[in-house]
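Working through the structure, step by step
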Amino acid sequence: MSVNARTMTDEEFFYGHKACPGCGGALAVRQALKVLGPYAVAALPAGCMSATGFNFPQMAFGVNAMITPFAATAAVLSGIEAGLRAQGGKPDGCTVVGFAGDGGTADIGLQALSGAIDRNDDILYVCYDNEAYMNTGIQKSGLTPFGAATTTTPAGAHEHGCLTQKKALFDIVCAHGIPYAATASIGHMPDFLRKMERARGIPGTRFIHVLAPCPVGWGFPAQDLVDVARKAVDTGLWYLAEYEGPAVSGVPGGAFKLNRAPKSFALVEPYLACQRRFAGLDAADVAAIEAARDERWELMRSRWIANGEGGA
Amino acid sequence: MKRFLSGNEALAEGVRLARPQVISAYPITPQTTVVERLAEMVEEGSLEAEYLHVESEHTALAAAIGAAATGARTFTATSSQGLLYMAECLTYASGGRFPIVMANANRALALPWNIYGDQRDSLSLLDHGWIQVYAQDNQEALDLALMAYAVAEDERVALPVMVCVDGFALTHTYESVDAPEQDAADAFLPPYRTDNRFNFEEPVSIGYSAGPEHNRFYAYHHHQDMRAAEAVVPEVEARFAACMGRRYPGMVEKYRTEDAEVVMVALGSAAGLVRTVVDALRERGVAAGMLRIRYLRPFPAARIASALAGARAVGVLEKDISFGATGTVYANVMQALASAGVAVPTLDFVGGLGGDDLSRAQVEGAFDDLLRLAEEPVAFAADPVVFLGISGAEGGAA
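Bear in mind that the values here come from a model prediction, so they are computed numbers and not experimental data.

About the criteria used
Residues numbered from 1 in each chain as written. Chains lettered and ligands numbered in written order. Predicted model: local features only at pLDDT ≥ 70, side-chain atom pairs only at ≥ 80, totals over all residues. Heavy atoms only, no water. Helix = DSSP H or I, 4+ residues; strand = E, 2+ residues; numbered from the N terminus. Expected span 1.5 Å × (residues − 1). Buried < 20%, exposed > 50% of the residue type's maximum accessible area, 1.4 Å probe, protein only. Arc of directions from axis to C-beta. Polar contact = N/O pair within 3.5 Å; in protein donor to acceptor, adjacent residues only side chain to side chain. Phe/Tyr/Trp six-rings, centres within 6.5 Å; stacked < 30°, edge-to-face > 60°. Pairing = 2+ DSSP bridges. Axes fitted to C-alpha atoms, helices over the stretch in contact; angles between N-to-C directions. Contact = heavy atoms within 4.5 Å. Salt bridge = Lys/Arg side-chain N within 4 Å of Asp/Glu carboxyl O. Core = buried A, V, L, I, M, F, W, Y, C linked by side-chain atoms within 4.5 Å. Domains from an automatic or database assignment. Buried area = accessible area lost by both parts, 1.4 Å probe. pLDDT = per-residue confidence, 0-100. Nonpolar A, V, L, I, M, F, W, Y, C, P; charged D, E, K, R; others polar.

**Concerning helix H12 (residues 283-303) of chain A**
Residues and elements named next belong to chain A. Across its 21 residues, H12 extends 30 Å between first and last C-alpha, which sits within 8% of the 30 Å expected from 1.5 Å per residue. Of the residues making up H12, those classed as buried are Asp285, Val286, Ile289, Arg293, Arg296, Trp297 and Met300. The arc that holds every buried residue of H12, seen down its axis, measures 105 degrees, which confines them to one face. Exposed and oriented more than 90 degrees from the buried face of H12 are Ala283, Ala284, Glu295, Glu298, Ser302 and Arg303. Where H12 starts, the residue carrying a side-chain oxygen 3.1 Å from the main-chain nitrogen of alanine 284 turns out to be aspartate 282.

**Brief notes about the packing of aromatic side chains**
All chains considered together, the criterion is met by 21 aromatic pairs over all chains. For the ring pair A:Phe56 and B:Tyr218, a centre distance of 5.8 Å and an interplane angle of 90 degrees mean the geometry is edge-to-face. Taken together, the residues A:Phe56 in the loop between strand S2 (54-55) and strand S3 (58-59) and B:Tyr218 in helix H9 (residues 212-244) connect one chain to another. For A:Phe56, a relative accessible area of 29% corresponds to the partly exposed category.

**Some points on the sheet that holds strand S6 (residues 131-134) of chain B**
Strand order in the open sheet formed by seven strands is S3-S2-S4-S5-S7-S6-S13 (chain B), with mixed pairing between adjacent strands. The two strands at the open ends of the sheet, each matched to only one other strand, are strand S3 (50-53) and strand S13 (295-297) of chain B. Taken pair by pair, the neighbouring strands of this sheet meet at an average axis angle of 20 degrees, ignoring direction. Contacting strand S2 (22-25) and S3 of chain B, helix H3 (residues 73-86) of chain A crosses the sheet at an angle of about 160 degrees to S3(B).

**As for the environment of A:Leu225**
Residues and elements named next belong to chain A. Checked against the element boundaries, leucine 225 lands in helix H9 (residues 225-234). By relative accessible area, which is 8% here, leucine 225 ends up buried. Among all residues touching leucine 225, those that are not within four sequence positions of it are Gly22, Cys23, Gly24, Leu27, Ile186, Pro213 and Phe220.

**Describing the pattern of salt bridges**
Per the counting criterion, the structure on display carries 45 salt bridges over all chains. Among the ionic pairs, A:Lys167 bridges to A:Asp107, the shortest N-O distance being 3.8 Å. Of this pair, A:Lys167 sits in the loop between strand S6 (124-129) and helix H6 (169-174) while A:Asp107 sits in helix H4 (residues 102-107); the two residues are 60 residues apart in sequence, bridging distant segments of the chain. Ionic pairing is found between A:Lys166 and A:Glu131, a salt bridge with its closest N-O pair at 2.8 Å. Taken as a pair, A:Lys166 in the loop between S6 and H6 and A:Glu131 in the loop between S6 and H6 lie far apart in primary sequence, 35 residues in all. Taking the relative accessible area as the measure of exposure, A:Glu131 reaches 6% and is therefore buried. Among the charged side chains, a salt-bridge network with shared partners connects A:Glu81, A:Arg85, A:Lys90, A:Asp122, A:Arg206 and B:Glu50.

**Looking at the environment of A:Ser302**
All names here are of chain A. Note on placement: serine 302 falls in helix H12. Of the residues examined, serine 302 reaches a relative accessible area of 57% and is grouped as exposed. One polar contact links the side chain of serine 302 to the main-chain carbonyl oxygen of glutamate 298, over a distance of 2.9 Å. A polar contact of 3.0 Å, which involves the side chain of serine 302, links it to the backbone oxygen of leucine 299.

**Comments concerning the sheet that holds strand S5 (residues 96-101) of chain A**
On the basis of which strands lie adjacent, the open sheet formed by 10 strands has the order S11(A)-S10(A)-S9(A)-S7(A)-S8(A)-S6(A)-S5(A)-S1(A)-S4(A)-S9(B) and mixed pairing. At either margin of the open sheet sits one strand with a lone partner, and together these are strand S11 (305-306) of chain A together with strand S9 (205-206) of chain B. Direction of pairing for strand S1 (residues 41-45) of chain A relative to strand S4 (residues 64-68) of chain A: parallel, over a ladder of five bridges. Within S4(A), the residue paired with A:Val41 across the bridge is A:Asn64.

**Notes on the nonpolar core**
Within the largest apolar cluster, 214 residues are counted, with the highest numbers of intra-cluster contacts made by A:Leu33, A:Met66, A:Phe99, B:Leu11, B:Leu38 and B:Phe75. When residues of this core are assigned to their parent elements, the largest contribution, 11 residues, is made by helix H7 (residues 138-153) of chain B. Shared between two domains, this core holds at least three residues of each, these being domain 1 (2-244) and domain 2 (252-387) of chain B. For A:Leu33, the contacting residues outside a window of four places in its chain are A:Phe13, A:Phe14, A:Ala40, A:Phe61, A:Val63, A:Val97 and A:Phe99. By size, the runner-up hydrophobic cluster in this structure holds 27 residues, among which are B:Val278, B:Ala288, B:Val363 and B:Leu373.

**Focus: the interface of chain B and chain A**
Listed as interface residues are 38 residues of chain B and, on the opposing side, 38 residues of chain A. When chain B packs against chain A, the two sides together hide about 2,900 Å² of surface, and 63% of this comes from carbon and sulfur. Across the contact surface, chain B and chain A share two salt bridges. A salt bridge links A:Arg85 to B:Glu50, with the shortest nitrogen-to-oxygen separation between them at 2.3 Å. Run the count over chain B and chain A and you get 14 residue pairs in polar contact (both at pLDDT 80 or more).

**Focus on the confidence of the model for chain A**
In this model, chain A carries a mean pLDDT of 96, and residues with pLDDT of at least 70 account for 98%. Low confidence marks residues 308-312 of chain A, where pLDDT is under 50. Its contacts with residues over four positions away, or in another chain, come to 16 contacts.

**Thoughts on the domain arrangement of chain B**
All names here are of chain B. The domains assigned to chain B are domain 1 (2-244) and domain 2 (252-387). The C-alpha centroid of domain 2 is placed 28 Å from the C-alpha centroid of domain 1. Counting each side, the surface lost to burial between domain 1 and domain 2 is near 2,300 Å², with a carbon and sulfur contribution of 53%. Scanning the region where domain 1 abuts domain 2 turns up five salt bridges. Of the charged contacts in the structure, one is a salt bridge between aspartate 127 and arginine 297, with a shortest N-O distance of 3.9 Å. Summed over the shared surface of domain 1 and domain 2, the result is 14 residue pairs in polar contact (both at pLDDT 80 or more). Listing elements by their share of the side of domain 1 that touches domain 2, those giving two or more residues are helix H6 (120-123), S6, H7 and H9. Among the elements that line the side of domain 1 that touches domain 2, the one with the most residues is H9, at six residues. A per-class count over the side of domain 1 that touches domain 2 returns 16 nonpolar, five polar and eight charged.

Laid out in structure tokens, this is it:
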């Protein structure tokens, strides 16, 4: 039976934490653990979720969990998995899962993630992407999008925010031939839950990159969390996709699938305008954002299988 | 069984006998042959372990931490820049109270880049909460691999142990070594059991944040339990002797120090040379002695002070320098002497850096300096640090 709003457990495995109101990361972790269940073992590096979930004596995880060195999410996951395997294997229903932010994954944690995928260790890695180092106070990461103001890419007269494009993390992960990888958004919860469930059932290394907006860092009211996350997808600035590696898909090089391939996108301006981080952009910046989006979609539409309009 | 093994091979044999369940391996000279031998043992089936081919030293230790959190016995090995690269993980391992055993093949630090032996790597990380022990020869390297687990996993201690083996001088030098039988090793070292692990009946958080109101308690107990190892080590060595028939002298080894007027403090393989020079001096009627520090953490300050209390001059011979201060071993020994109120003139002989040969002539010269120091301490008042091979004549301070 698939996990959805009706069938999902009432049990909580991430609660009593001190995340900010409207935290996309906390929502992603909470819902993901509901899919994985009580035998999950979670590892989290330095970041918002460890800073808000591991404060002795107020422990927020209802599953086995531990903090890892910042760069070492995937490394610790590999060790946990090997340790359990060496002692007779994981209990039934046990998923070794990591939750790391965008900086912890695409920047400092990328080497360890690459190593784990290379070994095909039996772990699930979830990157909750709030598009900057939020825990330390909104600094640019490799997944900060072009034009976003952060405290290290301040918008002013000379520069209007982040000057680089969001790193193609999903592509990097898939280039390893990982058994399963997906992108998701907390604004499309059924799609995210389905992908968590799919990932749960596949042996080997699995990766889910879930967009998890941050009201504080992005500058929008907390109650708009889900709307903002949805708009990111509707505008085409984020995408919902899956990759099955050669071993799972039977396709040499693996198979990409676009879960949602709309004929036209929602307007970008309202999405940008509802967030303080984009307040410094001018018309040329917006045009550049649209152009980069269109280029990305041209690549995805031409090379990936589209799974129908509005598949999510 | 007698075997002809390099230090790394001997250490790997000790690790095999300890039955680690997870090994994380990454190459770095001069450690590499440790993980090569272990890979062969896993391949041939003489060692049943999960062998992780990690992509960095940082991951080597982080993976060992993850495995230890499941209750598995773990091993990794490193050296030099690799040790520094994993340095932040050292405090996760010790603060998490994971009894990981790690071999460090002592090697110089860049720049200038140098693959040869000295002890700047591990000595620069003394404060990371690990037990540090230094092998004198290949037999001790093998035996320490086994004993390190017994100390680390003792519930009074529950801390990781770094077994330091001098690069090339030991790691790549062959000696006759007695390799224990597996039965004896099993009798000595039972399987690892701990409550500091994940629990699927009552899930736990392992490794977390502790704020200002709680942090000091973690530090205090870490410190106290490290201190407790000073009592555990002799117990472990007594059990080892009962199982293997080989005795070790505890935190420090005193060699002809009882009536010695000049004593040289040594660490690791250099002790072999110092011992030879002490014997030669004794034959000439010079009351020389040596104090070998085996465990530098926990620091056996009282034992060091009492061993040196009767000397008229004390030298420290070390392959290390804390730039702008003194050698780290010297600084620690001085603290031991000061705490015990032992007033004795001292010199710090820094040599063997970057694989430089520590010669017999240098050690003899250093003892000459100590004899002169005993007679006229004021002659050396300006600076206790003597760079061997630089300061004038061999071993001379002038």
